[in-house]
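# Close look at the chain arrangement
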Amino acid sequence: MSGPAITPWVVGNWKMNPMRADAKQLVQELKQLLLNQNIEESKCHIGVSPVALELQSIQAQFSDCSRSISMVAQDLSRVAGTGAYTGEISAELLKDSAVECVLVGHSERREVFGDTPAVLNEKIKNALNAGLTVIYCVGESLEQRESGQAEHTVLQQICDIASVVQPEQWNKIIVAYEPIWAIGTGKTASPEDAQAMHAKIREGLSQISPAGQGMAILYGGSVKPENAVELAACPDINGALVGGASLNAESFYKIAQAFANTK
Ligand code: PGA
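Residues numbered from 1 in each chain as written. Predicted model: local features only at pLDDT ≥ 70, side-chain atom pairs only at ≥ 80, totals over all residues. Heavy atoms only, no water.

### A few points about the overall build of the protein chain
Each helix and strand in the protein chain was counted, giving 10 helices and 8 strands. In terms of overall size, the protein chain behaves like a compact globule, its C-alpha atoms giving a radius of gyration of 17 Å where 263 residues would be expected to give roughly 18 Å. Taking the principal axes of the C-alpha coordinates as reference, the protein chain spans close to 50 × 45 × 35 Å. Considering the protein chain as a whole, with its 263 residues, one finds that 51% of them fall into the buried category. Within the protein chain, contacts between residues at least 6 apart in sequence are counted, and of these 73% link residues at least 24 apart. Of the accessible surface of the protein chain, which amounts to about 11,800 Å², a share of 51% is contributed by carbon and sulfur atoms. The protein chain carries 20 positive and 29 negative side-chain charges, and their two centres are separated by 3 Å. (Helix = DSSP H or I, 4+ residues; strand = E, 2+ residues; numbered from the N terminus. Rg over C-alpha atoms; globule rule 2.2 N^0.38 Å. Buried < 20%, exposed > 50% of the residue type's maximum accessible area, 1.4 Å probe, protein only. Contact = heavy atoms within 4.5 Å. Areas by Shrake-Rupley, 256 points an atom, 1.4 Å probe, with all protein chains shown as cover. Lys, Arg positive; Asp, Glu negative; His and termini not counted. Charge placed at Lys NZ, Arg CZ, Asp CG, Glu CD.)

Next comes the structure, spelled out in structure tokens:
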């Protein structure tokens, strides 16, 4: 069981979705739901992670929202600053556009785009040096789970970043545990299995840094309104990284509400 109270985070990972008109509609619906019944900022941080191209436009569309919504980039460059790096977006450029958070190490980046631990470390270092909050994703494959390697895999992924995070920077790290077999499949880890892994992650983090006890550890993988309350009730699950269900305003709102009300 964790020590200090941790304000949960519910973050919508829109991935390579939606088209502009649908994004506009989604934002409008979410703002309306929050206007009808607000979710207090002190009870739950809410973030959305649109494609990089739309970060500023979505941020502007939320500017008259009844509460703050954090903009989360889906990725950043392994190269810092500015320069001749065609196609890249650095941590400094994100920060300059008032983006405060960034996802690093999502399994789709690791598996489809070849983000190795070394690349992820460069990205994390740049993000932290620019003052961004990092949502660092970890998780095992089905094969690793079935061969009893889940815990080892996930703890290794935590250890992988230990050399680049400075002692005072751990409070800028949020961990998202996303078992790969649960992403976009409709299968969720049972609350018991998820809680057990989250407790292990917290134990691992606490061995690396005193900040570990107070760090938010989010669960991701087919989170929906139907399972959010049970997941939120687990002591070491401090929020959710939501893919598919975040593309529906009502579903996403209900997930945030579940965490705000349960924690
Ligand atoms: P999902 O995706 O909710 O659609 O499973 C979660 C994620 O990949 O962050």
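After presenting the structure, the write-up continues.
### Re helix α5 (residues 117-129)
Spanning 13 residues, α5 covers 18 Å between terminal C-alpha atoms, matching the ideal 18 Å at 1.5 Å per step. Taken together, the buried positions of α5 are occupied by V119, L120, N121, K123, I124, N126, A127 and L128. Buried residues belonging to α5 abut α3 (91-96), β4 (101-104), α4 (107-112), β5 (133-138), α7 (150-160) and β6 (173-177). Immediately downstream of α5, the backbone of G131 shows phi near 90 degrees, a positive value. (Expected span 1.5 Å × (residues − 1).)

### Here's the deal with the site of the ligand
Around the ligand sit 13 residues in total, of which K15, H106, E178, G184 and S222 are the nearest. For the ligand, an oxygen atom lies 3.5 Å from a polar atom in the side chain of N13. When isolated, the ligand has an accessible area of 280 Å², and the protein chains bury 95% of it. Classifying every residue of the shell around the ligand by side-chain character gives 4 nonpolar, 7 polar and 2 charged. (Near = heavy atom within 4 Å. Polar contact = N/O pair within 3.5 Å; in protein donor to acceptor, adjacent residues only side chain to side chain. Nonpolar A, V, L, I, M, F, W, Y, C, P; charged D, E, K, R; others polar.)

### With respect to the packing of helix α9 (residues 225-232) against helix α10 (residues 249-262)
Packing of α9 against α10 leaves a shortest axis separation of 9 Å and a crossing angle of 20 degrees. In terms of orientation, α9 lies roughly parallel with respect to α10. Here α9 runs over α10; the crossing is right-handed. On α10, the residues that touch P225, A228, V229, L231 and A232 of α9 are S251, K254, I255, A258, F259 and T262. (Axes fitted to C-alpha atoms, helices over the stretch in contact; angles between N-to-C directions. Parallel < 35°, antiparallel > 145°, perpendicular 65-115°, else oblique. Left-handed = near helix turned anticlockwise from the far one by under 90°.)

### Section: the environment of S190
Note on placement: S190 falls in the loop between β6 and α8 (191-208). Considered as a pair, S190 and L231 are 41 residues apart in the sequence and their alpha carbons are 8.3 Å apart.

### Describing unusual backbone geometry
With a phi angle near 50 degrees, K15 is a residue other than glycine that sits in the positive phi range. Its identity as a non-glycine residue notwithstanding, S222 has a phi of 55 degrees, on the positive side. Along the chain, S222 turns up in the loop between β7 (217-220) and α9.

### Structural notes on the pairing of strand β2 (residues 45-49)
By the criterion of burial, β2 is predominantly enclosed, with 4 of the 5 residues buried. As defined by bridge partners, strand β1 (residues 9-13) adjoins β2 across 5 bridges and the pair is classed as parallel. Counted as the bridge partner of G12 is V48 from β2. Bridging between β2 and strand β3 (residues 70-73) involves 2 bridges; their strand directions are parallel. Its bridge partner being in β3, V48 is matched across the sheet by M71. (Pairing = 2+ DSSP bridges.)

### Considerations on the nonpolar core
Counting 70 residues, the largest nonpolar core has I124, I173, I201 and F259 as its most contacted members. Tallying contributions element by element places α10 first for this core, with 8 residues. Aside from chain neighbours lying at most four places away, what touches I173 is I124, L128, V134, Y136, I161, V165 and M215. Grouped together as the second largest cluster of nonpolar side chains are 13 residues, W9, I135, A216 and L241 included. (Core = buried A, V, L, I, M, F, W, Y, C linked by side-chain atoms within 4.5 Å.)

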